[in-house]
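# Examining the three-dimensional arrangement
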Amino acid sequence: MNILETRALTKSFGGIKANTNIDFALEQGRTMALIGPNGAGKSTFVGMLSGRIPATSGQVFFKGKDISHLPAHRRIALGIAYTFQITSVFSNLDVRENVALAARRDRTKSEDEVAERVAGVLARVGLSDRMEQLAGGLSYGHQRVLEIAMGLVQEPELLILDEPTQGLAESEVTEFVDLINGLQGRPTILLIEHNMDVVMRTAEMITVLNFGEILASGTPQEVHDNAAVQAAYLGTTTNAES
Amino acid sequence: MTREQKSLWLHAAVVLVLGALYFVLPEYHAGNLARIMVLAVYAMGYNLLFGYTGLLSLGHAMFFAAGMYGFGLAVNHGGLPAGAAVLIGIAATLVVSVVVGFLALRTRDVAFMIVMLMFAQTGYLIILYFGEFTRGDEGFVVQQAQRGLFGFDLSAQGIRYWAALILFSACLLGIAKGVNSRFGKALVAVRENEERARMLGYDTHRLKFLAVVLSGVLSGAAGAAYGLLFGYIGSTFATVQYSIFPLLWVLLGGAGTTLGPFVGVLFMFYLIDLSSFLTDAYMFIAGIALLLLTMFAPKGIVGQIRASRVPWLP
Ligand SMILES: Nc1ncnc2c1ncn2[C@@H]1O[C@H](COP(=O)(O)OP(=O)(O)OP(=O)(O)O)[C@@H](O)[C@H]1O
Ligand SMILES: [Mg+2]
């Protein structure tokens, strides 16, 4: 079953077409990487999935339901979690409260259950000993990890991560890969990623976006063998890392 | 002791001290304190929107005046008993804040500030326009006979003090509880990073609307109480000056703290009172003091204490 589908999803910013008629499907339980050069329209695409960016035209389906007209907070309530490409945490609140705010989205959870979940997730991502610290005082790498923790604690059905490893140190990247692989099976993950090593170690499926259109989609092997992709993206070493 | 327990004890202690002060203070200061407590309710209402939700309004005088005039007109022209008139005042503010919140929240930041200011100016002009009922600039007095509630004469100094204390305590304890609730924490999330809050699944627009309405209604309740306790309804209370006051009080006392609004009103009230006792240029002295405070305690008095010494301060 496809947890997510889009039909002819399009976004134009004034004259610029950031996404053109994107038909996309993501199977439940998979981890898919969304790759493509800078400015390809990846962030715009996931922004339209989460409701952060209103689509110019086209539709989004989540678990078969048309969510195109739902505002962001309603989509998130359905089980979509979203992390920002540019770190966006509550700088003046402590780490615990940042994650708790994310956990409280589920109104059926009591404060005790929230606290329990928060502690669990912080332990999993290795931020337990920094719970009382203000988020703004964390190192950049820890803020990225916090951002991921805020996604995980929601126990979403679909987790959208926009370049989570950007700017992380090598060791932190490895921890991230382990974290994602440790989640296997639970949420469906849509991961925007420039680091091809991370893509190869985490993703079961890859979609390549180029100039706002899907260039190729399939297993890593299929995508790797695709001639168009080779020409446009993978063949050029400069894009592999940026 | 948990944070919540400490907070409860602190607020209970403040209420008890204020109660005890009545027996100690000379009449003049007890009278001041009654006024300060009512104005502090206004400041707490303002703080809910500004300090907790992060929305800066320059038009809160319209809420205060809506409550005050709603009460005053209902008594003087409607001939209603005081209790019912207070409810009318609060209902009037509810209507005003729902309408204003609905319209003004289509804007944000500076535009929101200006729109609130414009609405408040409109409110002020409406009061002047209907001078036949409101007596325009002069305002009107609510007679002693009309200021009874549950058989108590609220124009009497002592009763007035206790009435102000009851209102103040109810608001203080209610707010202390409210800002610790999920709703209160969600408001803080909006203040800190609205986009992030929205992308965590919070309906930030609804939260801001509720904050405007709650803040408006508290301000209006203060306005109605002011009319009831002090017996004068005047258009000065609808001017820009009365929109700026709560902002100053809250900034001085500490935005986003439960006790900051009260401390801010207390501080400014006595600053002006004492400096006018010393010299004619009292506004000058008050201005200097305010300047110093903003330079050396930018988080306000309570905010600064929290930042430097008592991190659990609510
Ligand atoms: N708010 C905006 N207004 C105008 N143009 C925009 C806006 N957001 C994105 N764009 C443009 O749309 C195109 C796609 O941008 P997008 O951020 O989706 O790319 P991306 O694939 O995420 O790139 P990167 O890898 O650099 O993050 C770019 O040309 C960008 O300049
Ligand atoms: Mg991007």
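Conventions we followed
Residues numbered from 1 in each chain as written. Chains lettered and ligands numbered in written order. Predicted model: local features only at pLDDT ≥ 70, side-chain atom pairs only at ≥ 80, totals over all residues. Heavy atoms only, no water. Pairing = 2+ DSSP bridges. Helix = DSSP H or I, 4+ residues; strand = E, 2+ residues; numbered from the N terminus. Axes fitted to C-alpha atoms, helices over the stretch in contact; angles between N-to-C directions. Contact = heavy atoms within 4.5 Å. Polar contact = N/O pair within 3.5 Å; in protein donor to acceptor, adjacent residues only side chain to side chain. Donors = N, O, S within 2.8 Å, 3.2 Å for Na, K, Ca; no water. Buried < 20%, exposed > 50% of the residue type's maximum accessible area, 1.4 Å probe, protein only. Parallel < 35°, antiparallel > 145°, perpendicular 65-115°, else oblique. Left-handed = near helix turned anticlockwise from the far one by under 90°. Nonpolar A, V, L, I, M, F, W, Y, C, P; charged D, E, K, R; others polar. Buried area = accessible area lost by both parts, 1.4 Å probe. Salt bridge = Lys/Arg side-chain N within 4 Å of Asp/Glu carboxyl O. Domains from an automatic or database assignment. Expected span 1.5 Å × (residues − 1).

## A closer look at the sheet that holds strand E8 (residues 188-192) of chain A
Residues and elements named next belong to chain A. The six strands are arranged E6-E7-E8-E3-E9-E10 in an open sheet whose pairing can be described as mixed. Looking at the sheet topology across the chains shown, the edges are occupied by strand E6 (80-83) and strand E10 (213-218). For this sheet, the mean inter-axis angle between neighbouring strands, taken without regard to orientation, is 15°. Pairing of strand E9 (residues 205-210) with E10, which is carried by five bridges, proceeds in the antiparallel orientation. Across the sheet, residue Leu 209 finds its bridge partner in E10, namely Ile 214. With respect to the sheet, helix H1 (residues 42-50) is in contact with strand E3 (31-35), E6, strand E7 (158-162), E8 and E9, its orientation differing from that of E8 by roughly 150°.

## Concerning the environment of B:Thr257
Residues and elements named next belong to chain B. Looking at the secondary structure, you find Thr 257 in the loop between helix H11 (241-253) and helix H12 (260-278). Along the sequence, Thr 257 and Thr 279 sit 22 residues apart, while their C-alpha atoms lie 33 Å from each other. Aside from chain neighbours lying at most four places away, what touches Thr 257 is Asn 47, Tyr 52, Val 302, Gly 303, Arg 306 and Pro 314. A distance of 2.7 Å separates a polar side-chain atom of Thr 257 from the backbone oxygen of Gly 254.

## Some remarks on the coordination of the magnesium ion (ligand 2)
Residues and elements named next belong to chain A. Only Ser 43 (OG) and Gln 85 (OE1) from the protein coordinate the magnesium ion (ligand 2), and they sit 2.0 to 2.1 Å from it. Residue Ser 43 is found in helix H1, and its partner Gln 85 is found in the loop between E6 and helix H3 (95-103); the two are separated by 42 residues along the sequence. Owing to a relative accessible area of 25%, Ser 43 belongs among the partly exposed residues under this scheme.

## What to know about the sheet that holds strand E1 (residues 2-13) of chain A
Residue and element names in this part refer to chain A. The strand order across the open sheet built from four strands is E2-E1-E4-E5, with neighbouring strands paired in antiparallel fashion. The open sheet terminates on both sides in strands that have one partner only, identified here as strand E2 (16-27) and strand E5 (65-66). As paired elements, E1 and E2 share eight bridges and run antiparallel to each other. Paired with Glu 5 across the bridge in E2 is Ala 25. Docked against the sheet, H1 engages E1, E2 and strand E4 (57-62), running at close to 120° with respect to E1.

## A few points about the packing of H3(A) against helix H4 (residues 111-125) of chain A
All names here are of chain A. Taken N-terminus to C-terminus, the directions of H3 and H4 make an angle of 120°; their axes are 9 Å apart at the nearest point. Considering their axes alone, H3 and H4 lie oblique with respect to each other. The crossing of H3 and H4 is right-handed. For the pair formed by H3 and H4, the contact residues are Val 95, Arg 96, Val 99, Ala 100 and Ala 103 on the first element and Val 114, Val 118 and Leu 122 on the second. Its residues placed into classes, the contact of H3 with H4 shows seven nonpolar, no polar and one charged.

## Brief notes about the interface of chain B and chain A
With 15 residues of chain B at the contact, the number on the chain A side is 28 residues. Taken together, both faces of the contact between chain B and chain A bury some 1,900 Å²; the carbon and sulfur share is 55%. Per-residue buried area on chain B facing chain A is highest for B:Arg182, B:Arg196 and B:Met199; these three make up 37% of the total on that side. For the pair chain B and chain A, the number of links is three salt bridges.

## Considering the domain arrangement of chain A
Residue and element names in this part refer to chain A. When the domains of chain A are assigned, the result is domain 1 (1-79 + 159-242) and domain 2 (85-155). With centres defined by C-alpha atoms, the gap from domain 1 to domain 2 works out at 24 Å. With 15 residues of domain 1 at the contact, the number on the domain 2 side is 12 residues. Remark: the boundary between domain 1 and domain 2 carries six residue pairs in polar contact (both at pLDDT 80 or more). In terms of residue count, the dominant contributor to the side of domain 1 that touches domain 2 is helix H6 (residues 170-183) (four residues). Residue classes in the side of domain 1 that touches domain 2 are distributed as nine nonpolar, three polar and three charged.

## Examining helix H5 (residues 140-152) of chain A
Its 13 residues place the ends of H5(A) 19 Å apart at the C-alpha level, agreeing with the 18 Å of an ideal helix rising 1.5 Å per residue. Buried residues along H5(A) sit against E6, H3, H4, E7 and H6 of chain A together with helix H9 (194-198) of chain B.

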